[in-house]
Amino acid sequence: MPDTAYRSETYFKGVERIAFEGPDSENPLAYRYYDKDRVVLGKRMEDHLRFAVCYWHSFCWDGVDVFGQGTFKRPWLAGAMNREAAAAKMAVAFEFLEKLGAPFFCFHDVDVMAQAETLKEHASHFAEAVDGLEAHMARSKVKVLWGTANLFSHPRFAAGAATNPDPDVFAFAATQVRLCLEATKRLGGANYVLWGGREGYDTLLNTDLKRELDQLGRFLALAVEHKHKIGFSGPLLIEPKPHEPTKHQYDFDTASVYGFLLRYGLEKDVKVNIEANHATLAGHSFEHEIALADSLGILGSIDINRGDPQNGWDTDQFPNDPSEMVMTLYRLIKAGGFTTGGFNFDAKVRRQSIDPIDMFHGHVGGVDALARGLLGAAALIENGKLDEFVAARYAGWDKDAGKKIFAKDATLAGIADAALKANVAPKPVSGRQEYLENLVNRFV
Ligand code: XUL
Ligand code: CO
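Keep in mind the model is a prediction, meaning the values are calculated, not measured. (Residues numbered from 1 in each chain as written. Chains lettered and ligands numbered in written order. Predicted model: local features only at pLDDT ≥ 70, side-chain atom pairs only at ≥ 80, totals over all residues. Heavy atoms only, no water.)

(A) Layout of the site of ligand 1. Neighbouring residues of ligand 1: Trp56, His108, Trp146, Phe152, Trp195, Glu239, Lys241, Glu275, His278, Asp303, Asp314 and Asp346. Trp56 places a polar side-chain atom, nitrogen or oxygen, 3.2 Å from an oxygen atom of ligand 1. Contact between ligand 1 and Asp303: an oxygen atom at 3.0 Å from a side-chain N or O atom of the residue. Here ligand 1 loses 94% of its free accessible area of 290 Å² to cover by the protein chains. Considering only residue class, the shell around ligand 1 consists of four nonpolar, two polar and six charged. (Near = heavy atom within 4 Å. Polar contact = N/O pair within 3.5 Å; in protein donor to acceptor, adjacent residues only side chain to side chain. Areas by Shrake-Rupley, 256 points an atom, 1.4 Å probe, with all protein chains shown as cover. Nonpolar A, V, L, I, M, F, W, Y, C, P; charged D, E, K, R; others polar.)

See below:
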């Protein structure tokens, strides 16, 4: 029998609500930088960061990895995930969210519900779980940053969900997305996410690429249509990842997702949820993905975590690199900040961090890393020298020479004739990389 007899107040025994105590605090269970009401660049810290706890890593995972069984004692995971165990898990989740002071959480449908054997059972177990979430949310005032359907864990999705060779799998997945999108709307969720963990291939030998891309485009178009039909006001967000679990995933990175959205005419309705560790797996810096999404006008939300520089897989560790956090927050503020999005901690404690308290250490440190990054980024922006440098570097484009190139009637021949006539002789200018790196380091 699963041991679900405890009540949630007893799981994080002795932990009070985490409070801000300032940078000199010696208390590991206090925020040293995150002071939610502190106004930075005209906005409260809580409103800048909009941080969320993810249900899956914190409440659904017992520490199992490919070489070994679970190491954590999470009593609600000890037996079958029946309705009692799912309810117990939810009580623990909300105890954690409230004690951490988290304004948001994120969930997959299967994270919150009792295990289901059939599609009909999925619908009824999920509906019961959504009732439970609604009650906990009403009491605690914790909100949903985004919901998503898990279309990758069950063996039926081994060959993909939307991109499966079997249309019945597509229909199964479509049902899950319909239910989860409707539930996310009912719960007042700010966004809806699609991560295509199995939408890719393990070998091209058995894969019809053209069909699979069209199936994925069709799936997304149907989700967009349903979002409008039910009046869900938040954006749909695709979460890019280049590979893992499959050899190649179609939503490889922000650039690939943007090309895909253009091809299927979905660029107005869909944005991206960028994850730090996914960016590094794609061979990009995290900053690159944020800056590119902003440039393309599709920055939606962020899954915040970090990888291990020596490991080539998704380690999902809590963020803790001050200079990366300053540049993350700098790019975010330059992009105008979050509208519907937020920072979702898609991060998990290490397998040896077996005590419930370790979950607080992970999240408190992550929140503080973001808050410290925010203060650094604000100081960098207030200093102004970095922005001034970049503006000055491109100033020519705002003057006649640049404007003429973008004029409606400009032609290649016309530009060339004018260049020849003036005998243009551009002079190389220093990019000042080291000066800029030193400048940024003053704010880390
Ligand atoms: C997997 C991942 C997912 C998504 C939601 O790498 O990041 O947890 O965030 O499905
Ligand atoms: Co993620």
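(B) Highlighting the packing of helix α13 (residues 385–393) against helix α16 (residues 433–441). Two elements in contact, α13 and α16, have axes whose closest approach is 10 Å; the angle formed by their N-to-C orientations is 155°. Regarding the angle of α13 to α16, the classification is roughly antiparallel. Along the contact surface, α13 presents Lys385, Leu386 and Phe389, while α16 presents Tyr435, Leu436, Leu439 and Val440. (Axes fitted to C-alpha atoms, helices over the stretch in contact; angles between N-to-C directions. Helix = DSSP H or I, 4+ residues; strand = E, 2+ residues; numbered from the N terminus. Parallel < 35°, antiparallel > 145°, perpendicular 65-115°, else oblique. Contact = heavy atoms within 4.5 Å.)

(C) Highlighting the coordination of the cobalt ion (ligand 2). Within the protein, the atoms that donate to the cobalt ion (ligand 2) are Glu239 (OE), Glu275 (OE), Asp303 (OD) and Asp346 (OD), at distances of 2.0 to 2.1 Å. Around the cobalt ion (ligand 2) sit six donor atoms, and with donor-metal-donor angles ranging over 79 to 174° the site reads as octahedral. One chain supplies every donor to the cobalt ion (ligand 2), and in sequence these donors are spaced E-x35-E-x27-D-x42-D. Remark: Asp346 occurs in the loop between β14 (343–345) and α12 (356–383) and Glu275 occurs in strand β12 (residues 270–275); sequence separation between them is 71 residues. (Donors = N, O, S within 2.8 Å, 3.2 Å for Na, K, Ca; no water. Tetrahedral: all angles 85-135°; square planar, octahedral: opposite > 155°, others 65-115°.)

(D) Broad picture of unusual backbone geometry. A cis geometry characterises the amide bond from Glu244 onward to Pro245, with omega recorded as 15°. Within the secondary structure layout, Pro245 lies in the loop between β10 (236–238) and β11 (248–249). The phi dihedral of Lys141 is positive, around 70°, even though this residue is not glycine. Looking at the element boundaries, Lys141 is found in the loop between α5 (119–140) and β7 (143–148). Phi angles above zero are rare outside glycine, and Asp316 is one such case at about 50°. Tracing the sequence through the fold places Asp316 in the loop between β13 (299–304) and α11 (322–334). The buried category is assigned to Asp316, whose relative accessible area is 5%. (Buried < 20%, exposed > 50% of the residue type's maximum accessible area, 1.4 Å probe, protein only.)

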